[in-house]
Amino acid sequence: MITPEQLQIKKPNKKLLEQMNSVDLKEETIFEKESFFHNLKVVKSPVGIFLKYLETYQAGFINTKYYKGNLPYINYFLIPYLMNKNIKDILFIGFGSGRIINQYEKIFENLKRIDIVDLEENIFEIAHKYFDFRQSKKQNFFLQDAIIYLKTTKKKYDLIVVDVAGNIGIDERFISDEYFSLIKDHLKSKGIFVSNMPSSRNIKESKFSQDLIKKYKRHFEFLNLYNGETSNKIFYKTFFNIDEIILDITNLIIIASNKAQKLSKDYLKIQDLGIDIESYIKDKID
């Protein structure tokens, strides 16, 4: 497991860290269950409602005057719509609250299938009951380890989204050459691969991030990297009412493909979801 603590290069400002740690989020546990893989909690606070494994946030919905929506890093997952509006087949690994699945169903007019792979058997019930997730005939749920699924399925996809990194870090299996080869094998010729990875905010100084990017480049011709700064600003503002980014850790969103695809500026369908996607696009780094 690669942990966030291993990735941080710069130490946080002590005063800001103390200010952050002093904030009482006033969380109320409204659901709790021990499953085979996780200690599951759904908690409610003035910030919103969230799914936690032990004490780490896995998914949720923020509901404040400043921002309403998914945990903001998930909004980067909408960028593939601007690359290919004709996506028909999607694989989503790591289900979370399921809201992004319903958003995909709204924006992709020709969508035929969304295959969802997750280990947690209670996740659909939780998403439906607490996060307004709506099931549909286009969705297929596979209660399975993602690597095993990729090794055994023959399906190919227009879009593969992997969101398995969390507050505790990321399993090293999801940064291996074998894993990237499996992903590549299941993409159509114009397929897009989106992944959420942990990183120091100092991406160019981070050996882990630079090695990871080199590994991606061995498997994919084109990469778009997003440093998560818009997401970070929303996170610190909504959770702690702090206008500065404190910890040297970020969501590095990597969008990979083997065909060059320009971003459309037709933002209307994403704007209809209440998301200012332009601010996320501006987080693109070279």
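1. A word on the sheet that holds strand β5 (residues 68-70)
Sheet architecture is open: five strands sit in the order β1-β2-β3-β4-β5, paired in antiparallel fashion. Taken across any chain shown, the strands that pair with only one partner, and hence form the sheet edges, are β1 (28-34) and β5. Adjacent strand axes in the sheet meet at a mean angle of 15 degrees, parallel and antiparallel pairs treated alike. Direction of pairing for strand β4 (residues 56-63) relative to β5: antiparallel, over a ladder of three bridges. Across the sheet, Phe-61 pairs through a bridge with Asn-70, a residue of β5.

2. With respect to the side chain of Gln-139
Within the secondary structure, Gln-139 is located in strand β8 (residues 139-143). Looking at Gln-139, its side chain comes within polar contact range of the main-chain oxygen of Arg-134, at 3.0 Å.

3. Focus on unusual backbone geometry
At Lys-26, a position not held by glycine, the phi torsion is positive, near 50 degrees. Among the structural elements, Lys-26 can be located in the loop between α2 (14-21) and β1. The backbone of Asn-241 sits at a positive phi, close to 55 degrees, despite the residue not being glycine. The residue Asn-241 is located in the loop between α9 (229-240) and β12 (250-257) in this model.

So, how was this worked out
- Residues numbered from 1 in each chain as written.
- Predicted model: local features only at pLDDT ≥ 70, side-chain atom pairs only at ≥ 80, totals over all residues.
- Heavy atoms only, no water.
- Pairing = 2+ DSSP bridges.
- Helix = DSSP H or I, 4+ residues; strand = E, 2+ residues; numbered from the N terminus.
- Axes fitted to C-alpha atoms, helices over the stretch in contact; angles between N-to-C directions.
- Polar contact = N/O pair within 3.5 Å; in protein donor to acceptor, adjacent residues only side chain to side chain.

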